[in-house]
Amino acid sequence: MITSGEIVFRRLTSSDLDVMIEMKTDDQMMRYTSFGRAQSVEDIKKNLNKCIDDESKDHPLGVWGTELKSSGDFLGWFMLKKERHPFAELGYMIRKKYWGKGLTTKSVQLLLDYGFSINLQKICAVTDPENKASIRVLEKTGFLFVEDREVQEKDKKVILKYFEVSKLGKQD
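**Focus: the packing of aromatic side chains**
Between two aromatic rings, the relevant description is the distance of the centres plus the angle of the planes.
Then, number 1: All told, the structure shown has five aromatic pairs when counted by the stated rule.
Then, number 2: With centroids separated by 5.8 Å and ring planes inclined at 80 degrees, the aromatic side chains of Trp-64 and Tyr-114 adopt a geometry described as edge-to-face. Residue Trp-64 is found in strand S3 (residues 62-68), and its partner Tyr-114 is found in helix H5 (residues 103-117); the two are separated by 50 residues along the sequence. Across this residue pair, the class does not change: Trp-64 and Tyr-114 are buried.
Then, number 3: Centre to centre, the rings of Phe-78 and Tyr-92 are 5.5 Å apart; their planes meet at 25 degrees, and the pair counts as stacked. With Phe-78 in strand S4 (residues 74-82) and Tyr-92 in strand S5 (residues 88-94), the pair connects residues that are 14 residues apart, well separated along the chain.

**What about the sheet that holds strand S7 (residues 144-153)?**
The pairing of strands in a sheet happens through backbone hydrogen bonds and is either parallel or antiparallel.
Then, number 1: Taken in spatial order, the eight strands make up an open sheet running S1-S2-S3-S4-S5-S6-S8-S7, and their pairing is mixed. Across the chains shown, the open sheet's two edge strands, defined by having one partner strand only, are strand S1 (2-3) and S7.
Then, number 2: Where strand S2 (residues 7-11) and S3 come together, five bridges link them in antiparallel fashion. Paired with Ile-7 across the two strands is Leu-68, which belongs to S3.
Then, number 3: Sheet contacts for helix H1 (residues 17-24): S4 and S5; angle to S4, the most-contacted strand, approximately 85 degrees.
Then, number 4: Along the sheet face, H5 touches S1, S2, S3, S4, S5, strand S6 (122-127) and strand S8 (156-166) and points at about 35 degrees away from the line of S4.

**Brief notes about the nonpolar core**
Then, number 1: Judged by nonpolar contacts, the single largest core of 30 residues is most densely connected at Phe-9, Leu-80, Leu-90, Val-108, Leu-111, Ile-123 and Phe-143.
Then, number 2: Looking at which element gives the most residues to this core, the answer is H5, with seven residues.
Then, number 3: For Ile-123, the residues in contact, after removing those within four places along its chain, are Leu-80, Phe-87, Ala-88, Leu-90, Leu-112, Gly-115, Phe-116, Phe-143, Phe-163, Glu-164 and Val-165.
Then, number 4: Of all hydrophobic cores here, the second largest spans 16 residues; its members include Leu-12, Val-19, Phe-74 and Met-93.

**Digging into the pattern of salt bridges**
Then, number 1: Going through the model one piece at a time under the given rule, you end up with eleven salt bridges.
Then, number 2: Between Arg-10 and Glu-67 there is a salt bridge, with the nearest N and O atoms lying 2.6 Å from each other. Within this pair, whereas Arg-10 is found in strand S2, its partner Glu-67 is found in strand S3, the two being separated by 57 residues in sequence. The same class applies to Arg-10 and to Glu-67, which are both buried.
Then, number 3: One salt bridge connects Arg-95 with Glu-22, and the closest N-O pair in it is separated by 3.0 Å. One end of the pair, Arg-95, is in the loop between S5 and H5; the other, Glu-22, is in helix H1, and 73 residues separate them in sequence.
Then, number 4: Overlapping salt bridges bring together Glu-22, Asp-73, Arg-95 and Lys-97 as one network.

What counts, and at which threshold
Note on numbering: residues in each chain are counted from 1, in written sequence order. For this predicted model, a pLDDT threshold of at least 70 governs which residues receive local features, and a threshold of 80 or more governs which side-chain atom pairs are given and counted, while totals over whole chains, interfaces and linings are taken from all residues. Excluded from the side-chain calculations are hydrogens and water; all other atoms, namely the structure's heavy atoms, are used. Centre distance within 6.5 Å is the pairing criterion for rings of Phe, Tyr and Trp, where only the six-membered ring of Trp is used; planes under 30 degrees apart are then read as stacked, over 60 as edge-to-face, and the remainder as tilted. In this text, helices come from DSSP runs of H or I with a minimum length of four residues, and strands from runs of E with a minimum of two, each type numbered from the N-terminal end. A 1.4 Å probe rolled over the protein chains alone gives each residue an accessible area, and that area as a share of the maximum for its type sets the label: buried under 20%, exposed over 50%, partly exposed in between. Paired strands, in this sense, are two strands between which DSSP finds at least two bridges. By the convention used here, residues are in contact when the closest approach between their heavy atoms is within 4.5 Å. Helix axes are fitted only over the stretch in contact, all axes being lines through C-alpha atoms; the angle between N-to-C directions runs from 0 to 180 degrees. Residues belong to one nonpolar core when they are buried, are Ala, Val, Leu, Ile, Met, Phe, Trp, Tyr or Cys, and are joined through side-chain atoms within 4.5 Å. What makes a salt bridge here is a side-chain nitrogen of Lys or Arg within 4 Å of a carboxyl oxygen of Asp or Glu, nothing more.

Structure (structure tokens):
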């Protein structure tokens, strides 16, 4: 478990299904994801089960649920794992009711601190160019814009903003 003053990171469990459905069936929440739209409940179940099943394979990286320490209320999910990029990739989704409250930035910083504590030297993140809120979070937590990258997302190619942050706090 990863924890700070007000935020707790913990592994996802099957009891997170309802809140994952809340988040991932919402078109507004999904618009900047690779899906671009709400997911089916069946796909959400499959994805959650995959995250749970992959926990031991991904350790010490992986996907976590985040909660408010004071109430146990689910904030969202965060990912730090090797995906399609040369470095561990950061990803996240926060419930709408917590947008604009600074909790995403605090959670990202906590996960970066964890990543660097397990000797990751560099962490990357990608976001849709229109996702201004995520770009601000990445910049506030030390990520530097590297380039626009064309990537294959499902059935189409898209341009994403690619960012990196290094353990030394500067881009190499």
